[in-house]
Amino acid sequence: MPILLVTARDASVASFNRLEHEYALKDELDLAWAARPVGLTRHEDRITLVLEDPGGELLDRLLLDTKWTLPAVLKIAISFARALVRVHERGLVHKDIKPANALVEVSSGAVWLTGFGIASRVPRERPNPDPPEVIAGTLAYMAPEQTGRMNRSIDSRSDLYSFGITLYELITGELPFFAPDAMGWVHCHIARQPRVPTERVSTIPEQLSSIVMKLLAKSAEERYQTAGGVEADLRRCLAEWESSGRIDPFPLGEHDASGRLMMPERLYGRERDIDTLLAAFDRVVATGTPELVLVSGYSGIGKSSIVNELQKALVPPRALFASGKFDQYKRNVPYATLAQAFQILIRSLLAQSDLELEQWREAIREALRDNGQLIVNLVPELELIIGKQRPVADLPPHDAQRRFQLVFRRLLGVFAREQRPLVLFLDDLQWLDTATLDLLEYVLRNSDVRNLLVVGAYRDNEVGPGHPLLHTLEAIRVAGGSVHEIVLEPLAPPETGRLIADALHCEPERARPLAELVQEKTGGNPFFAIQFVTALVDEGLLAFDSVARTWHWDIDRIRAQNYTDNVVELMAAKLKRFSSGTQEALKQLACLGNMVDVATLTLALRKPEEPIVAALLEAVHAGLVFRHDDAYKFLHDRIQQAAYSLIPDEHRAGIHLRIGRALLASMTADQLAEHLFDVADQLNRGAERLTDPSEKAQVATIDLRAGRKAKASAAYASARAYFSAGMALLDERAWGSEHALTFSLWLERAECELLCGNLEKAGQLIAESLQRAASNVEFADASCLRIYLHVLKGEHAQAIDSALTCLRLFGIDLPVHPTFAQVEDEYDTVWQTLNGRPPEILIDLPMMSDPELQVAMQVLSVLGPPAYFADFHLFCFIACRMVKIGMQHGISDPS
């Protein structure tokens, strides 16, 4: 048996994975139309794929020196199209069709396909907008949707576009586009129209040229829908040429009907809304002034879809586009959505050349300076660019919040530049956390922020008059910020009619009765309409007649089914038709979030990756879940909600607790630090099932860590939620058995209540903490908070009294109203203590190690501001005493 050997070009993991993937497809491939894998060998660091050799030569080599006759071209094109028919019949999408992946026998025109290393087993995929340098496939032959910047899915029609590029090259001897770099290729496929083949070679028949141009349509809906449709038209061309020496015009695609329902992904009736978004972007480009555009409407109305349409117009270097999505079940995780968005930007940098990466590295380091760890905490991948960062200095809470906002603003400035703005899309704002909301307000009200377009989408029916989002928007407007709103309405009946007619490839009049029923059941909601029609196909109420090659339905039978008008119920019914294994996997996925990486899934489910992938495959085939690189994502929030609804209410806490325990048991210390919020959220949602006091204390400790991590990022409302959850796990006995943990939770919660403006609740917690304090240090920590509380309430006399009472615990007895003579005496003592040394030696004061001295100095420091307002002499006296105590105890080597 003759064989072909394919060896990985390099020793990268990606190259190895492609050969292994192609070998895994051996049972789906047939020697009649593909070079079939028969073996995979390894030797040291090289891997070789063994293929049966069906004959022929690689088409890319033949293109160099073969002079083709038109019949030869048509025979090869027909065989090529036939091979694609077979690929798609096996449920595969090749994703890398090109001359280098086709073996051709010139004499017969037979074609065999190779290069299945990135082929997909699922009918539809949603690509990420990855840097073009790392997109799987070959840029010169890549369909627009494969770039991840078209807001469209990859399916079998993507192969047809690549076939169109190959056929264009075969008949003209040239590619339809040329680009100097990767992003140039992306721009060509998305935005540029190719020259018609007959303009390059006048002898090409017009009909063949038209077939190629139909294959090269930017929108998949405008291309051929099946390889069989292309094959039929090519066969007619060959037959006419062989019989008459010419090809007369005929309607294209007469036999181009797919038996698989493919709902259009184009947007209907949203042209004006998209124009509004583009106009906002153009204003940011022209003026540099930041803008906020809000897109509102019901769930499923198409908010995310119209925003993602921007990506086609924002291909770099014109702009950068980053997006993040709030999760309905993770509302306490601070800045999670901003972290998502900046992960996209940071990962795009890692794919650039060493020179470009170095430029970004310097720019980011210059912007963040000594505060890089604040952003590394948010986006751990940043450490791969700027290296290990030093811990940031501790600051009082309000100063820490201002610092974080300033650092984040400077980071924005790195990515948002003149003539290349940053578009930041934040989806599902109705679920945003308070910390992100405060940060957005700061950014959009700050005059230093430039070249930024923030687009936010939210469900207006879930944002009532008291929602914090509305108050923040009003504050931005009052401050002079530019805010524009787009309110999406349901599809009008004519638009729903076009959607249904396009999906069924028939005239609108024929589709009208079904379209009217869809409009009636779904209210013109695009997502619900698509799912409703898909459900009809699943139930056999909408079926394809393979003989007549048209879709048929019975309106009366559909009405008799009495379908629900609730999309979650409809989706739940759809999910229940999956196997029990798939349903179980979807439930676990819904518990973990809208998008979950495979590594977390394996930890949570305590299963290897292979059975998890197998369990989710049914949902992936149905298009309800997408695989994004190493993560799974629900198509829509409503599907996640429907999957979660399959779990009985009484079982949900138990499942969350099991997931939380599994994550905690499986993670290393570093993994736990990185995924602390995820673990805490799972355990807290299962907290009602906790019975063992020691496990409750363990979970409360995790809540304490999560709260402190949130507080370190100035996310005080989120921190308060974690501290509150930890407190709820501890009873009265914990003050004895877990005193340090309990006291810390109480005090941290008190501080967050204070910082969130809940002064009454803060006062209650502080009072209890003072009563429960088991040491002078604990009493002093609580006293500092009580002093802050008095200051915020304008109670300066009480603040002084609280501070002086606390200081007496440390043997520091200060007069309430010192005289001028007493202040002078303290001042002279300081200079005597310095003994001629320069005052700069005071920079060593932080070297104090005695915890009691540290808190004493802390009390003295917080006492200064209120004392200033009440008694200037007292303020001066305290300042001198602070220096003297520090000099006495903080410097071990005064030389």
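The shown structure was predicted, so the numbers you read here are calculated from the model rather than taken from an experiment.

1. Some thoughts on the overall build of the protein chain
Okay, step 1: Counting its regular elements, the protein chain contains 40 helices and 16 strands.
Okay, step 2: With the C-alpha coordinates aligned to their principal axes, the bounding extent of the protein chain is approximately 120 × 65 × 55 Å.
Okay, step 3: Residue burial in the protein chain is summarised as follows: out of 895 residues, 54% are buried.
Okay, step 4: By sequence separation, contacts in the protein chain at least 24 residues apart represent 72% of the contacts at least 6 residues apart.
Okay, step 5: Looking at the protein chain as shown, the accessible area adds up to about 38,700 Å², and 51% of this sits on carbon and sulfur atoms.

2. A closer look at the pattern of salt bridges
Okay, step 1: The full count for this structure, using the stated rule, is 58 salt bridges.
Okay, step 2: Between Glu-291 and Arg-283 there is a salt bridge, with its nearest N and O atoms 2.8 Å apart.
Okay, step 3: Connected through salt bridges with shared partners, the residues Lys-325, Asp-427, Asp-428, Arg-459, Glu-462 and Asp-637 form a single ionic network.

3. Comments concerning the sheet that holds strand E6 (residues 110-113)
Okay, step 1: Spatial strand order, E4-E5-E6: three strands in an open sheet with antiparallel pairing. Since the sheet does not close on itself, it has two edges, and those belong to strand E4 (57-58) and E6, each with one partner.
Okay, step 2: Here strand E5 (residues 102-105) pairs with E6 via four bridges, running antiparallel. Residue pairing across strands places Ala-102 opposite Leu-113, the latter belonging to E6.
Okay, step 3: Helix H3 (residues 70-89) contacts E5 and E6 of the sheet and is inclined by roughly 40 degrees relative to E6.

4. Observations concerning helix H28 (residues 649-666)
Okay, step 1: Relative to the 26 Å expected for 18 residues at 1.5 Å per residue, H28 spans 27 Å between its end C-alpha atoms, a close match to the ideal helical length.
Okay, step 2: Within H28, the full set of buried residues consists of Ala-653, Ile-655, His-656, Leu-657, Ile-659, Gly-660, Ala-662, Leu-663 and Leu-664.
Okay, step 3: Taken together, the buried residues of H28 touch helix H24 (580-592), helix H25 (598-605), helix H27 (637-645), helix H29 (669-674), helix H30 (676-685) and helix H31 (693-712).

5. A word on the nonpolar core
Okay, step 1: Formed by 169 residues in total, the largest nonpolar core has its most connected members in Tyr-335, Phe-415, Leu-504, Leu-514, Leu-586 and Leu-601.
Okay, step 2: Tallying contributions element by element places helix H34 (residues 739-755) first for this core, with nine residues.
Okay, step 3: Ignoring sequence-local partners within four residues, the contact set of Tyr-335 consists of Leu-378, Phe-404, Asp-433, Ala-435, Thr-436, Leu-439, Ser-713, Ala-714 and Ala-715.
Okay, step 4: Core analysis: the second largest hydrophobic core is formed by 63 residues, Trp-33, Ile-78, Val-87 and Ile-190 among them.

6. A short note on the side chain of Thr-226
Okay, step 1: Mapped onto the elements, Thr-226 comes out in the loop between helix H7 (206-215) and helix H8 (227-244).
Okay, step 2: Within the structure, the side chain of Thr-226 is placed 2.7 Å from the side chain of Asp-256, a separation counted as a polar contact.

7. Some thoughts on the packing of aromatic side chains
Okay, step 1: Counted by the stated rule, this structure contains nine aromatic pairs.
Okay, step 2: Summarising the aromatic geometry, the rings of Trp-360 and Phe-415 are spaced 5.4 Å apart at their centres and angled 25 degrees between planes, so their arrangement reads as stacked. Of this pair, Trp-360 sits in helix H13 (residues 354-368) while Phe-415 is found in helix H16 (residues 397-415), placing the two residues 55 residues apart along the sequence. Each member of the pair Trp-360 and Phe-415 is classed as buried.
Okay, step 3: Three or more aromatic residues link up through ring pairs in this structure, and these residues are Phe-342, Trp-360, Phe-408 and Phe-415.
Okay, step 4: Over the ring of Tyr-23 we find Lys-26; its NZ or CZ atom is 4.5 Å from the centre of that ring.

8. Side note on unusual backbone geometry
Okay, step 1: With a phi close to 55 degrees, Asn-151 is a non-glycine residue in the positive phi region.
Okay, step 2: Position of Asn-151 relative to the elements: it lies in the loop between E6 and helix H4 (156-172).
Okay, step 3: According to the relative accessible area criterion, Asn-151 is buried, its value standing at 8%.
Okay, step 4: The backbone of Asp-428 shows a phi angle near 60 degrees, a positive value even though the residue is not glycine.

9. Observations concerning the pairing of strand E16 (residues 631-634)
Okay, step 1: Of the pairings in the sheet, the one linking strand E14 (residues 595-597) to E16 comprises three bridges and is antiparallel in character. Looking at the pairing, Met-595 lines up with Lys-633 of E16.
Okay, step 2: Sheet topology places strand E15 (residues 625-628) next to E16; four bridges connect them, and they run antiparallel. The residue bridging Phe-626 from the neighbouring strand is Lys-633, located in E16.
Okay, step 3: Where E15 hands over to E16, the hairpin turn is made up of two residues, of which Asp-629 adopts a positive phi near 50 degrees.

10. Describing the confidence of the model for the protein chain
Okay, step 1: Looking at the protein chain as a whole, the pLDDT averages 87, with 90% of positions reaching at least 70.
Okay, step 2: Taken as a whole, residues 841-850 scores under 50 in pLDDT and shows 17 contacts with residues more than four places along the chain or in a different chain.
Okay, step 3: Scored below 50 in pLDDT, residues 890-895 makes nine contacts in the model with residues more than four places away or belonging to other chains.

11. Quick look at the sheet that holds strand E9 (residues 422-427)
Okay, step 1: The parallel open sheet is built from five strands, whose spatial order is E8-E9-E10-E7-E11. Of all strands in the sheet, those bounded by a partner on one side alone are strand E8 (320-325) and strand E11 (482-487). Pairwise comparison of adjacent strand axes, ignoring direction, gives a mean angle of 15 degrees for this sheet.
Okay, step 2: Summarising the sheet, E8 and E9 pair through six bridges and their orientation is parallel. What sits directly across from Ala-322, in E9, is Leu-424.

12. Observations regarding the environment of Leu-349
Okay, step 1: Within the fold, Leu-349 resides in helix H12 (residues 336-350).
Okay, step 2: Note: C-alpha distance between Leu-349 and Arg-361 (twelve residues apart in sequence) is 9.3 Å.
Okay, step 3: Excluding anything up to four places from it in sequence, Leu-349 contacts Leu-357, Trp-360, Ile-364, Ile-385 and Phe-415.

13. Overview of the packing of helix H20 (residues 508-522) against helix H21 (residues 526-538)
Okay, step 1: Running from N to C, H20 and H21 cross one another at 120 degrees; their axes reach a closest spacing of 10 Å. Classified by the angle between their axes, H20 and H21 sit oblique to one another. Read as a crossing pair, H20 and H21 show a hand that is right-handed. Every residue of H21 that contacts H20 at Leu-514, Val-518, Lys-521 and Thr-522 is listed here: Phe-528, Ala-529, Phe-532, Val-533 and Leu-536.
Okay, step 2: Its residues placed into classes, the contact of H20 with H21 shows seven nonpolar, one polar and one charged.

14. A look at the pairing of strand E10 (residues 452-458)
Okay, step 1: Among the seven residues that make up E10, seven are buried, leaving the element largely enclosed by the rest of the structure.
Okay, step 2: Alternating positions in E10 separate into two faces, Leu-452, Val-454, Gly-456 and Tyr-458 on one and Leu-453, Val-455 and Ala-457 on the other, with burial throughout.
Okay, step 3: In this fold, E9 hands off to helix H17 (residues 434-445), which returns the chain to E10; that crossover is right-handed.

15. A closer look at the side chain of Thr-147
Okay, step 1: Tracing the chain through its elements places Thr-147 in the loop between E6 and H4.
Okay, step 2: Residue class for Thr-147 comes out buried when judged on its relative accessible area of 0%.
Okay, step 3: Among the polar contacts listed, one links the side chain of Thr-147 to the backbone oxygen of Pro-144, at a separation of 2.7 Å.

16. Section: H30
Okay, step 1: Counted residue by residue, H30 has seven buried out of ten residues, so it is predominantly covered.
Okay, step 2: Buried residues in H30 make contact with H24, H28, H29, H31 and helix H32 (716-728).

17. Structural notes on the environment of Val-111
Okay, step 1: Following the sequence through the fold, Val-111 ends up in strand E6.
Okay, step 2: Sequence separation of Val-111 and Thr-564 is 453 residues, and the distance between their C-alpha atoms is 49 Å.
Okay, step 3: Contacts of Val-111, omitting those with residues within four sequence positions, involve Trp-33, Ile-76, Ser-79, Phe-80, Ala-83, Ala-102, Leu-103 and Val-104.

18. With respect to the packing of H12 against H16
Okay, step 1: Close contact between H12 and H16 brings their axes to 12 Å; oriented N to C, the two are set at 40 degrees. Judged by the inter-axis angle, H12 sits oblique to H16. The way H12 lies across H16 gives a crossing that is left-handed. Contacts from Leu-338, Phe-342, Leu-345, Ile-346 and Leu-349 in H12 reach Phe-408, Leu-411, Leu-412 and Phe-415 in H16.
Okay, step 2: Residue classes in the contact of H12 with H16 are distributed as nine nonpolar, no polar and no charged.

Criteria and thresholds
- Within each chain, residue numbers correspond to sequence positions counted from 1 in written order.
- Residues qualify for local features only when their pLDDT is at least 70, as the model is predicted, and side-chain atom pairs are given and counted only at 80 or more; totals for whole chains, interfaces and linings, by contrast, use all residues.
- Neither water nor hydrogens contribute to the side-chain values; these are computed over all heavy atoms in the structure.
- Strands are runs of DSSP state E lasting at least two residues, helices are runs of H or I lasting at least four, and both sets are numbered from the N terminus onward.
- Each residue is assigned to one of three classes by its accessible area relative to the maximum for its type, calculated with a 1.4 Å probe on protein chains only: buried under 20%, partly exposed between the two thresholds, exposed over 50%.
- Note on contacts: a residue pair is in contact if any heavy atoms of the two residues lie within 4.5 Å.
- In these tables, accessible area is a Shrake-Rupley quantity obtained with a 1.4 Å probe, and a residue counts as shielded only by the protein chains included in the view.
- We define a salt bridge as a side-chain nitrogen of Lys or Arg found within 4 Å of a carboxyl oxygen belonging to Asp or Glu.
- A pair of strands is labelled paired if DSSP reports no fewer than 2 bridges between them.
- Between the N-to-C directions of two axes lies an angle of 0 to 180 degrees, each axis being a line fitted to C-alpha atoms and, for a helix, fitted only over the stretch in contact.
- Any helix carries an expected span of 1.5 Å times its number of residues minus one.
- Take the buried residues of types Ala, Val, Leu, Ile, Met, Phe, Trp, Tyr and Cys, join any two whose side-chain atoms come within 4.5 Å, and each joined set is a nonpolar core.
- Pairs of N or O atoms are called polar contacts if they sit within 3.5 Å, as long as, within protein, a hydrogen donor faces a hydrogen acceptor (for residues adjacent in sequence, only side-chain-to-side-chain pairs).
- Two aromatic rings, drawn from Phe, Tyr or Trp (for Trp, its six-membered ring), form a pair once their centres lie within 6.5 Å of each other, and the interplanar angle then sorts them: stacked below 30 degrees, edge-to-face above 60, tilted otherwise.
- Put simply, a charge is over a ring when the Lys NZ or the Arg CZ is close to the ring centre, within 6 Å, and near the line of the ring normal, within 35 degrees.
- Within a predicted model, pLDDT stands for the predictor's per-residue confidence, ranging from 0 to 100.
- Note that the term roughly parallel is reserved for angles under 35 degrees, roughly antiparallel for angles over 145, roughly perpendicular for angles of 65 to 115, and oblique for everything else.
- Crossing chirality is assigned from the near helix's rotation relative to the far helix, an anticlockwise turn below a right angle marking it left-handed and a clockwise turn marking it right-handed.
- Note on residue classes: Ala, Val, Leu, Ile, Met, Phe, Trp, Tyr, Cys and Pro are nonpolar, Asp, Glu, Lys and Arg are charged, and everything else, Gly too, is polar.
- We call a crossover right-handed when, viewed with both strands directed away from the observer, the connection leading from the first strand over the helix to the second proceeds clockwise.

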